[in-house]
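Here are the chains, one letter per residue:
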Amino acid sequence: MRVLVVEDEPLLADAIAEWLREETHAVDLAHDGEAALERIAVNDYDVVVLDRDLPRVHGDDVCRSLVASESDARVLMLTAAAQLDDRVTGLSMGADDYLPKPFAFPELAARVLALGRRSRPAAPPVLRRAGITLDPARREVFRNGRYVPLSKKEFAVLAELMRADGNVVSSEQLLEKAWDEHADPFTGAVRLTVLKLRRKLADPPVVETVPGVGYRIS
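Fair warning: this is a prediction, and the values are worked out from it, not measured in the lab. As a convention, each chain's residues are numbered from 1 in the sequence order in which they are written. In view of the model being predicted, local features appear only for residues whose pLDDT reaches at least 70, and side-chain atom pairs are presented and counted only at 80 or more, with totals across whole chains, interfaces and linings using the full set of residues. By convention in this description, side-chain values take in all heavy atoms of the structure and omit both hydrogens and water.

## Quick notes on the UniProt feature "modified residue: 4-aspartylphosphate" (unreviewed entry) in the protein chain
Next up, step 1: UniProt positions are given in the numbering used here, feature names are shortened, and annotations may be inferred rather than shown by experiment. Per the UniProt entry, the sites bearing "modified residue: 4-aspartylphosphate" (unreviewed entry) are Asp 51 in this numbering.
Next up, step 2: Secondary structure elements are defined from DSSP: runs of H or I of at least 4 residues count as helices, runs of E of at least 2 residues count as strands, and each element is numbered from the N terminus. Mapped onto the elements, Asp 51 comes out in strand β3 (residues 47–51).
Next up, step 3: We call two residues in contact when some of their heavy atoms are within 4.5 Å. Sequence-distant contacts of Asp 51, that is, excluding residues within four places in its chain, are made with Val 6, Glu 7, Asp 8, Gly 59, Leu 78, Thr 79 and Lys 101.

## Describing the sheet that holds strand β2 (residues 26–30)
In a beta sheet, neighbouring strands are held together by backbone hydrogen bonds and run either parallel or antiparallel to one another.
Next up, step 1: One open sheet holds the five strands; their spatial order is β2-β1-β3-β4-β5, and the pairing between them is parallel. Pairing within the sheet leaves two strands with one partner each, and these edge strands are β2 and β5 (97–100). When strand polarity is set aside, the average angle formed by the axes of neighbouring strands in this sheet is 20°.
Next up, step 2: Here strand β4 (residues 74–79) runs beside β5; their pairing, made up of four bridges, is parallel. Each residue of the ladder has a partner; that of Leu 76, found in β5, is Asp 97.
Next up, step 3: Interaxial angles span 0 to 180 degrees and are taken between N-to-C directions of axes, which are lines fitted to C-alpha atoms, for helices over the stretch in contact. Against the sheet, helix α3 (residues 59–68) touches β3 and β4, its axis set at about 155° to β3. Two strands make a pair as long as DSSP finds a minimum of two bridges between them.

## Comments concerning the pairing of β4
It is a general feature of regular strands that their side chains alternate between the two faces of the sheet.
Next up, step 1: Burial classes follow relative accessibility: with a 1.4 Å probe on protein chains only, a residue under 20% of its type's maximum area counts as buried, one over 50% as exposed, and anything between as partly exposed. With five of six residues buried, β4 is to be regarded as a mostly interior element.
Next up, step 2: The definition of a right-handed crossover adopted here requires that, viewed with the strands pointing away, the path from the first strand over the helix to the second runs clockwise. Once the chain exits β3 it traverses α3 before rejoining the sheet at β4, and the crossover so formed is right-handed.

## A closer look at the packing of aromatic side chains
Next up, step 1: To pair, rings of Phe, Tyr and Trp, with the six-membered ring standing in for Trp, must have centres within 6.5 Å; the planes then decide the type, stacked if under 30 degrees apart, edge-to-face if over 60, and tilted in the middle. Counted by the stated rule, this structure contains three aromatic pairs.
Next up, step 2: Ring geometry for Trp 19 versus Phe 105: centroids 5.3 Å apart, planes at 25°, classification stacked. With a gap of 86 residues between them, Trp 19 in helix α1 (residues 10–22) and Phe 105 in helix α5 (residues 105–118) connect regions that are remote in the sequence.
Next up, step 3: Ring geometry for Phe 142 versus Tyr 147: centroids 5.6 Å apart, planes at 65°, classification edge-to-face.
Next up, step 4: Residue class for Tyr 147 comes out partly exposed when judged on its relative accessible area of 46%.
Next up, step 5: Of the aromatic side chains, those joined through ring pairs into one cluster are Trp 19, Phe 103 and Phe 105.

## A short note on the packing of helix α6 (residues 152–163) against helix α7 (residues 171–178)
Next up, step 1: Contact geometry for α6 and α7: axes closest at 10 Å, N-to-C directions at 125°. Compared by their axis directions, α6 and α7 come out oblique. Between α6 and α7 lies a crossing whose hand is right-handed. Residues Lys 153, Ala 156, Val 157, Glu 160 and Leu 161 of α6 form the contact with α7, whose participating residues are Leu 174, Lys 177 and Ala 178.
Next up, step 2: Note that Gly is not counted as nonpolar here; it falls among the polar residues with everything else outside the nonpolar set of Ala, Val, Leu, Ile, Met, Phe, Trp, Tyr, Cys and Pro and the charged set of Asp, Glu, Lys and Arg. Here the residues of the contact of α6 with α7 are counted per class, giving five nonpolar, no polar and three charged. Angle categories are assigned with fixed cut-offs, so that under 35 degrees is roughly parallel, over 145 is roughly antiparallel, 65 to 115 is roughly perpendicular, and the rest are oblique. Here is the rule for handedness: rotate from the far helix to the near one, and if that takes an anticlockwise turn smaller than a right angle the crossing is left-handed, while a clockwise turn gives right-handed.

## Some thoughts on the nonpolar core
Next up, step 1: Counting residues in hydrophobic clusters, the biggest one holds 28 residues, and the most contacted among them are Ile 132, Leu 134, Val 141, Val 157, Leu 158, Leu 161 and Leu 201.
Next up, step 2: Going through the elements one at a time, β7 (132–135), α6, α7, α8 (189–201) and β11 (214–217) are the ones with two or more residues in this core.
Next up, step 3: Looking at which element gives the most residues to this core, the answer is α6, with seven residues.
Next up, step 4: Those residues in contact with Leu 201 that lie beyond four places of it in its chain are Ile 132, Arg 143, Arg 146, Val 148, Leu 158, Val 206 and Val 207. For our purposes a nonpolar core is just a set of buried Ala, Val, Leu, Ile, Met, Phe, Trp, Tyr and Cys residues, chained together by side-chain atoms within 4.5 Å.

Right, here's the structure in full:
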């Protein structure tokens, strides 16, 4: 999934991003509300982890802007304001979830994963297709009962293909969801990752190339 972390404390922002990347998510960072709005305008995020007390543009205004734009991104509000009234206010303005600081990183990751499943047509917790079983929470993949060890990018690409449920996913879409904003759009990373994925999934071939369009699991 593509996640935007908006947090004005650089050390905390880096720690959150690193943890989520370990969970195979593609993560971008913004340290103020203005930068967040700029990234949201050009990138298609599944989840936005949003601090409320941001410089330049307040986190509440970022949340309202997301809701007004009818974005599919889900908002996890992350803030030191933990009183009941604060939580109710955050949820009332359009946040999908609210996690007070301090927090446990595993809980944050679990909430992001749950929100990501809701940012597009509902997907089951465990994905199954063509003999492949993919468990996002455990980060495990099996094919016909055989465990398949995958790198983080291979797992992220396979997850996107599985969520598409047989529909074609373009290279651009895979790059958008599995890599962060620093990825070169002209790179061969997607093609190379799909090649490695095919080798690890073994025969019979299951990842189909649709010439000029993209990839799908047939």
